[in-house]
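Structural overview for review
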Amino acid sequence: MPPFFILLSRIYVMYSMRSFLSIIFLLAFHCAMGQLQFYADTLTYFDRIGGRLDSVDIANALTPTSFNGGRAIWGPSGATTENLLHDRTRRVFDRKTEMKQMRFSALPHIGFAYSFGGQSSQFLRAEYQQAFTQSTLLNIDIVKNREEGYLRNGSYDNSQLNIAFQHSGNIYSTKLSAFYYTTDVTHNGGVTTDSLIEDFGLIFTPVNKASSNSLYKTALVNVNNYLDVIRDSTRQLGLITKHRYDISNREFTESDTLYGLYSEVNIDSLSTRDQYNIPAIRNGIGLFGSLGNHFYADVSFDHRYWRYQNLGVNSDTNETYASGNATFALNDLRLSADFDINLTGAYQGVQSGIAFDFNRKAFKVSGRLSYDAAAPDVMNRYHFANNYAYDLKNIQQNQILSASASGKLNLVDSILFVGADFNMHQLDKYYLFDGSSWRNDTLQGYSFYSASINLGLSIKALNIRTRLVFARDPGGYLPKMQSYSRIYLKRKVFKAQKLELLVGAEPQWSASYRQRVYLPYADMMYWFDESSETGSLFNLHAFLGFKLDEFRFYVRYENIGYFWNDQTTYVMDNYPLAGQRLRVGITWDFYN
């Protein structure tokens, strides 16, 4: 990271903290306070789970690949900078906590979506929103994904639960969020040969591993309490308490002649059971202030305690932080800022960001700038496993500077729209796993970015959506150019105009890119050897569906390009191109 950015970030977070304190104390002396207003998106009777009929076939499932259990290498929008950032900085199957924005529904709403298809794939989505009163809301979201995969000994079973509750009162308000995530993956290590694919298919092609599995479990409970000390109909000032408990666990097992596969065997040469568990609790107290729906700010001082258990060996640490959030909203403009500064116990790390969102009828634009400088995760600092072990000295900060912006403009009464977005990440001194330990001598000012142009045209029943993506990545892991289109016909039929039909196709093309190399035992990508390159690929999907009031049905035929692409093409090291998949799905929404 250039010294200028480090200095700029330090100045920014220090100024933000001073500004938060100044604003809150200014409110205390000059304002009478009132009921706390929480921000929430508003659902209408016409909102449906998974969005509109136009895209419901891709909104409620994972993109099919041959990677372990069918876990999507890329998303519907292709190879993105966010995807590459995740694979460079996190364990592949260990996902970030993803909390949805709170949604307000005047009527209790239940949304249900289910689809199933080839490779024993099943995708379930369910959501529930209810407003008990104008100021008391409950949201529940459930996600379930299960696939056997295109290759033998490869399966993927993932479950996720999100619960959010908030209550705004004249004196006391509270906001609770809970998250549970589990992923069970059977690792096959990819194929050993591609000579049998064209004659016998993917399922009969031999793979590298016969018995290897990893199980992830993550849970989080976060509660914020707000106590107003001066009551008023529009303003509020008071004490805030923050409470967070989270726990992460991974268990990796493998049975094989391990001394023939790994250069290091620390425990058993025939069987592996690597495991770590890290619970943490964080509590904080501070001040908050709000001015109706227009302004909110808080600042707090927090204490965090974590305990790391790795194969029966325990360690723990106390940490202290200063953190804050602020939001300003006026008409169509929304601004927000946040910071989290470690004071003791975590190498003085900093996380900070500013964001904006402007939404006015036909025009939308948003953006975010963030800077993180934090020590590696605890399990990346020291860890003992059957086939690798490390204990890092002289810990330095992982540094990430990220920027994103997007915009959309509707033209000619929504017949035509144009949009664009930009995403950039710069990694500096970031630790990467080299197969046995972690190194931070390779990513010095490593930057990658993408820019896209989005076009949409709707003329009567004909609809065309096109996305062109241009990317730059020094490592070559992102295609320099990608294109994704959806071309479909949609119209209502019969006299009552209640039945809506949809039929269309999705052509996709990507330029060449370097293959990523995956290490199952560590659940990390390996970036230190020159991997092979995948040539340009053209793919096609087809879909049809209908909607009748709250019920929707669709059929999607995926990876039609398998008929003309070289079936021995590898999309990742040892993982060949995935075959076709037929998938059927329904969604149903209930308002009462």
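Here the structure is a predicted model, which means the values were calculated and not measured.

Here we look at the overall build of the protein
- Scanning the protein from terminus to terminus reveals five helices and 34 strands.
- Computed over its C-alpha atoms, the radius of gyration of the protein comes to 25 Å, within 12% of the 25 Å expected for a compact globule of 592 residues.
- The C-alpha extent of the protein, read off along each of the three principal axes, is 80 × 75 × 40 Å.
- Considering the protein as a whole, with its 592 residues, one finds that 50% of them fall into the buried category.
- Entry remark: accessible area of the protein is about 27,000 Å², with carbon and sulfur atoms responsible for 59%.
- With 56 positive and 55 negative side-chain charges, the protein shows a spacing of 7 Å between the two charge centroids.

A look at the pairing of strand β22 (residues 446-459)
- Relative to β22, strand β19 (residues 416-428) runs antiparallel, the two sharing 12 bridges. Looking at the pairing, G419 lines up with N454 of β22.
- Pairing between β22 and strand β23 (residues 462-472): 11 bridges, direction antiparallel. Bridge pairing links S452 to V469 in β23.

What about the environment of R491?
- Within the secondary structure, R491 sits in strand β24 (residues 481-493).
- In this structure the C-alpha to C-alpha distance between R491 and S404, which are 87 residues apart in sequence, comes to 36 Å.
- The residues contacting R491, other than those within four sequence positions of it, are A461, L499, E500 and L501.

Focus: unusual backbone geometry
- With phi around 55°, S120 is a residue other than glycine that occupies positive phi space.
- Among the structural elements, S120 can be located in the loop between β3 (109-117) and β4 (121-133).
- In the Ramachandran plot, L311 falls in the positive-phi region, its phi being about 50° despite a non-glycine side chain.
- Among the secondary structure elements, L311 is positioned in the loop between β11 (295-310) and β12 (313-330).
- Taking the relative accessible area as the measure of exposure, L311 reaches 28% and is therefore partly exposed.

Points about the packing of aromatic side chains
- Under the definition given, this model contains 32 aromatic pairs.
- Residues F422 and Y449 carry aromatic rings whose centres are separated by 6.1 Å and whose planes lie at 35° to one another, so their mutual orientation is tilted. Of this pair, F422 sits in strand β19 while Y449 sits in strand β22; the two residues are 27 residues apart in sequence, bridging distant segments of the chain.
- Over the face of the ring belonging to Y446 we find R88, whose NZ or CZ atom lies 4.5 Å from the ring centre.
- The ring centre of Y321 lies 4.2 Å from the NZ or CZ of R282, which sits over that ring.

Here's the deal with the environment of S483
- Following the sequence through the fold, S483 ends up in strand β24.
- Its relative accessible area of 18% is what places S483 among the buried residues.
- Apart from residues no more than four positions distant in its own chain, S483 is found in contact with R467, L468, P507, Q508 and W509.

Let's talk about the pattern of salt bridges
- In this structure the tally under the stated criterion is 33 salt bridges.
- Note that E319 and R304 form a salt bridge whose closest N and O atoms lie 3.0 Å from each other. A residue pair is termed long-range when its members are at least 10 positions apart, and E319 in strand β12 and R304 in strand β11 qualify at 15 residues. Across the pair, R304 and E319 agree in class, each one buried.
- Through salt bridges with shared partners, a single ionic network connects D57, E147, R486, E506, R556, E558, R581 and R583.

What about helix α3 (residues 81-89)?
- In terms of residue burial, α3 counts as a mostly covered element, since eight of its nine residues are buried.
- Along α3, the positions that sit buried rather than exposed are T81, N83, L84, L85, H86, D87, R88 and T89.
- In this structure, the buried residues of α3 make contact with β18 (398-411), β19, β20 (432-433), β22 and β28 (524-526).

Here we look at the environment of S323
- Tracing the chain through its elements places S323 in strand β12.
- By relative accessible area, which is 6% here, S323 ends up buried.
- C-alpha of S323 to C-alpha of I354: the two residues are 31 residues apart in sequence and 14 Å apart in space.
- Beyond its immediate chain neighbours, meaning those up to four positions away, S323 contacts K242, R282, D298, V299, S300, D302, F339 and D340.
- A distance of 3.5 Å separates a polar atom in the side chain of S323 from a polar atom in the side chain of K242.

With respect to the nonpolar core
- Counting 50 residues, the largest nonpolar core has F67, F93, Y308, L427, F448, Y518 and M572 as the members making the most contacts within it.
- If you list the elements that add at least two residues to this core, you get α3, β7 (172-186), β8 (212-228), β10 (271-291), β11, α5 (378-381), β22 and β32 (570-572).
- If near-sequence neighbours (up to four positions away) are discounted, L427 is found in contact with L85, R88, T89, Q399, I400, L443, Q444, G445, Y446 and F448.
- Counting 18 residues, the second-largest nonpolar core is a separate cluster that includes F252, W438, V517 and M524.

Digging into the confidence of the model for the protein
- Mean pLDDT for the protein: 90, with 94% of residues reaching 70 or above.
- Note on residues 1-34: pLDDT under 50 across the span, and 76 contacts to partners over four residues away in sequence or across chains.

A look at the pairing of strand β6 (residues 155-167)
- Pairing of strand β5 (residues 136-147) with β6 involves 12 bridges; the strand directions are antiparallel. Bridging from a neighbouring strand, E147 pairs with Y156 of β6.
- Summarising the sheet, β6 and β7 pair through 13 bridges and their orientation is antiparallel. When the sheet's bridge partners are listed, N162 is paired in β7 with F179.
- Turn length for the β6-β7 hairpin, with the two strands adjacent in sequence and antiparallel, is four residues.

Here we look at the side chain of H86
- The residue H86 is located in helix α3 in this model.
- Every residue in contact with H86, bar those within four places of it in the chain, is listed here: R71, R91, V92, D94 and R95.

Considerations on the side chain of N158
- Along the chain, the position of N158 falls in strand β6.
- Here the side chain of N158 touches T182 through a polar contact of 3.3 Å, landing on its backbone oxygen.
- Not counting residues within four places of it along the chain, the set of residues in contact with N158 comprises V143, K144, N145, Y181, T182 and T183.

About the criteria used
- Residues numbered from 1 in each chain as written.
- Predicted model: local features only at pLDDT ≥ 70, side-chain atom pairs only at ≥ 80, totals over all residues.
- Heavy atoms only, no water.
- Helix = DSSP H or I, 4+ residues; strand = E, 2+ residues; numbered from the N terminus.
- Rg over C-alpha atoms; globule rule 2.2 N^0.38 Å.
- Buried < 20%, exposed > 50% of the residue type's maximum accessible area, 1.4 Å probe, protein only.
- Areas by Shrake-Rupley, 256 points an atom, 1.4 Å probe, with all protein chains shown as cover.
- Lys, Arg positive; Asp, Glu negative; His and termini not counted.
- Charge placed at Lys NZ, Arg CZ, Asp CG, Glu CD.
- Pairing = 2+ DSSP bridges.
- Contact = heavy atoms within 4.5 Å.
- Phe/Tyr/Trp six-rings, centres within 6.5 Å; stacked < 30°, edge-to-face > 60°.
- Lys NZ or Arg CZ within 6 Å of the ring centre and 35° of its normal.
- Salt bridge = Lys/Arg side-chain N within 4 Å of Asp/Glu carboxyl O.
- Polar contact = N/O pair within 3.5 Å; in protein donor to acceptor, adjacent residues only side chain to side chain.
- Core = buried A, V, L, I, M, F, W, Y, C linked by side-chain atoms within 4.5 Å.
- pLDDT = per-residue confidence, 0-100.

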